[in-house]
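# Coordinate analysis (summary)
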Amino acid sequence: MLEAPFIGPLIVASFKKNNGMTEMFRNRVIPEAPMFKPEFPSQDPELGVFTLGEDASPIDRVETALKCLPRSDPSSGVTADPSSSFRYWKIRDFAYAYRSKLTTPSKVAEQIITVIEEFRYDRSPTPLFVTFDPNELRKQAAASTQRFEEGNPLSVLDGIFVAIKDDIDCFPHPTKGGTTWMHEVRSVEKDAVPVSRLRSCGAIFLGKTNMHELGMGTTGNNSNYGTTRNPHAPDRYTGGSSSGSAAIVASGLCSAALGTDGGGSVRIPASLCGVVGLKTTYGQTDMKGSLCEGGTVAIIGPITSCLEDAILVYAAILGSSAATKISLNPPPPSLPNSLTDKGEDTIGSIRLGKYTKWFNDVHSNDISDKCEEILTLLSKSHGCELVEIVVPELEEMRAAHLVSIGSETMSSLTPHCEDGKNSKLNYDTRTSFTIFRSFSASDYVTAQCFRRRLMYYHMEIFKKVDVIVTPTTGMTAPVIPPEALKSGETNMQVSAYLMRFVQAANLLGFPAISVPVGYDKEGLPIGLQIMGRPWAESTILRLAAAVEELAPNKKRPALFHDILKTD
């Protein structure tokens, strides 16, 4: 009906009018000039950081990142009593096991292949992967094993298994974007830049992970390949669109995965699956080689089981493109150096901004209460000041983000849709596209005028606080309706709850991270979001480390696989 002549445009127009978009975009004059991509005022340098050389190799950056991490004894984790409290294996655990010859990358690869084939994670109805090649995995693992046998591992990331979202190029796998046809019109000749940087450090790539088709949804539903299930509750969604990436990490199959985040697509599934998801500053990572390349709201970021692994992967993949260096003039990237001594004094100086009315706008009080508990602990343990703020024009921000990401999506995909591919898309993707096509040039320019105004509002807030804290999502993992598995689902209420707190970081380009802080009454994970000023990754990573330390112990997911068995 939405695609039908005459009646379709009438339905969309009514939908937009009832949701206030007509009033917002057609009946208002916005005096600010448009800002067509994030533009940041100059920022004071962060204190207590290791500066990473812009031209340093990924290996050198990872080596610097290791100096930021707390001292640990990996042997105590690898040889710990299996009956002790649950924790995920960290990257340093794998590195220790390889160096100590307790196992090899090839042995771990065989463990992973066995699990994937036994649980059918590479096929419908509950796939984690869109593309998985066990022979390619064995080839990479054998090369890493040989480097360890010769005593020449490339870095702490050598032999570490990483999964790549299906909208990021990872040669020789095709990039389908969760569709049935994208690989037919777009070939993959080499790795995306962040993937190439990880490969240079010795990372081993498992394959291409499942996702919401073309990133056009927040649940992770995909009727083309099957819908990835939440490891904590298989009858529930993982969140999206980086659904497979988050589920793979949460289920223990690998330490890290890459996702893209254009509207919370790293942070939402990380929160719903109880892992860490980092959205970097716009321009901090090079997007070349992804389907999101050329947009103004999306980044490539890591999803990991713990904060220290996020730091290591971030150190490897960061680095602006040449064009970004010219247009945004980013400062040299850095990492917090105070994690080595727990950084109490530095953490205590961080001012936390909280807009209570917005913070409490959640589906269940379990979410806001659990996040509030962590903020109280931060104040008591580290002396962090909690500052009440007001974030103006939240509805305008959500609408401006929708128009921006929708217009950018149609700009890149319209040639394919007009060439007959539109009918091959899922119904929920086609529903989104009918709405996106209704946006006019005037709507797009107005959205960019809102972007400039909202940037001003937020930079004024950042004069009073260092970070803005919210729940990551307004609800925990939603139940998967059985009928949605076959034909998809468009549920605007669920999408609104899942995206409630994430869009500012995308529209305005700010760094943000989701950190697990506990569980609701049904045992479903809850995430806290920390959003910082431009280029302030060190600040949010430092605070996230403190949150992770204060958060309750993690629960073993219902679907979990221990692939580092050293006995």
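What this report covers is the structure whose coordinates are included nearby.

What counts, and at which threshold
Residues numbered from 1 in each chain as written. Predicted model: local features only at pLDDT ≥ 70, side-chain atom pairs only at ≥ 80, totals over all residues. Heavy atoms only, no water. Salt bridge = Lys/Arg side-chain N within 4 Å of Asp/Glu carboxyl O. Helix = DSSP H or I, 4+ residues; strand = E, 2+ residues; numbered from the N terminus. Buried < 20%, exposed > 50% of the residue type's maximum accessible area, 1.4 Å probe, protein only. Pairing = 2+ DSSP bridges. Axes fitted to C-alpha atoms, helices over the stretch in contact; angles between N-to-C directions. Parallel < 35°, antiparallel > 145°, perpendicular 65-115°, else oblique. Contact = heavy atoms within 4.5 Å. Nonpolar A, V, L, I, M, F, W, Y, C, P; charged D, E, K, R; others polar. Arc of directions from axis to C-beta. Polar contact = N/O pair within 3.5 Å; in protein donor to acceptor, adjacent residues only side chain to side chain.

Let us look at the pattern of salt bridges. One pass over the full model with this rule turns up 26 salt bridges. Between arginine 138 and glutamate 110 there is a salt bridge whose closest N-O contact spans 2.7 Å. Note that arginine 138 is positioned in helix α7 (residues 134-149) and glutamate 110 in helix α6 (residues 105-118), a separation of 28 residues in sequence. Looking at arginine 138, the relative accessible area reads 33%, which means it is partly exposed. Under the relative-accessibility criterion, glutamate 110 is labelled partly exposed at 34%. Measuring nitrogen to oxygen at the nearest pair gives 2.4 Å for the salt bridge that ties arginine 398 to glutamate 395. On the criterion of helical spacing, the pair formed by arginine 398 and glutamate 395 is a turn pair, its members being three residues apart in helix α17 (residues 394-421).

Of all five residues that make up strand β3 (residues 161-165), five are buried, and the element is covered over most of its length. Burial along β3 is two-sided: Phe161, Ala163 and Lys165 and Val162 and Ile164, pointing in opposite directions, are all buried. Of the strand pairs in this sheet, β3 and strand β4 (residues 204-209) are connected by four bridges, and their pairing is parallel. In the strand pairing of β4, lysine 165 is matched with threonine 209. Of the pairings in the sheet, the one linking β3 to strand β7 (residues 256-261) comprises three bridges and is parallel in character. Bridging across to β7, isoleucine 164 finds its partner in leucine 258.

Moving on: the pairing of β4. Counting buried positions over the six residues of β4 gives six, a clear majority of the element. Pairing geometry for strand β2 (residues 129-132) and β4, over three bridges, is antiparallel. In the strand pairing of β4, phenylalanine 132 is matched with glycine 207.

The subject of this paragraph is the packing of helix α16 (residues 365-382) against helix α23 (residues 537-550). Any two packed helices are characterised by the angle at which their axes cross and by the distance between the axes. Viewed as axis vectors pointing N to C, α16 and α23 meet at an angle of 100 degrees, and their least axial separation amounts to 10 Å. Taken together, the axes of α16 and α23 lie roughly perpendicular to each other. Residue-level inspection shows Ile374, Leu377, Leu378, Ser381 and His382 of α16 in contact with α23, the latter providing Leu543, Ala546, Val547 and Leu550. For the contact of α16 with α23, the class distribution of residues is seven nonpolar, two polar and no charged.

Each full turn of the α-helix corresponds to 3.6 residues, which orients residues three or four apart in the same direction. If you check which residues of helix α21 (residues 492-499) are buried, you get Val494, Ser495, Leu498 and Met499. Buried positions in α21, seen along its axis, are confined to an arc of 120 degrees and lie on one side of it. If you follow the buried residues of α21, they end up packed against α11 (267-273), α17 and α22 (503-507). The residue sitting at the N-terminus of α21 and contributing the capping side-chain oxygen is asparagine 491; that oxygen lies 3.2 Å from the backbone nitrogen of glutamine 493.

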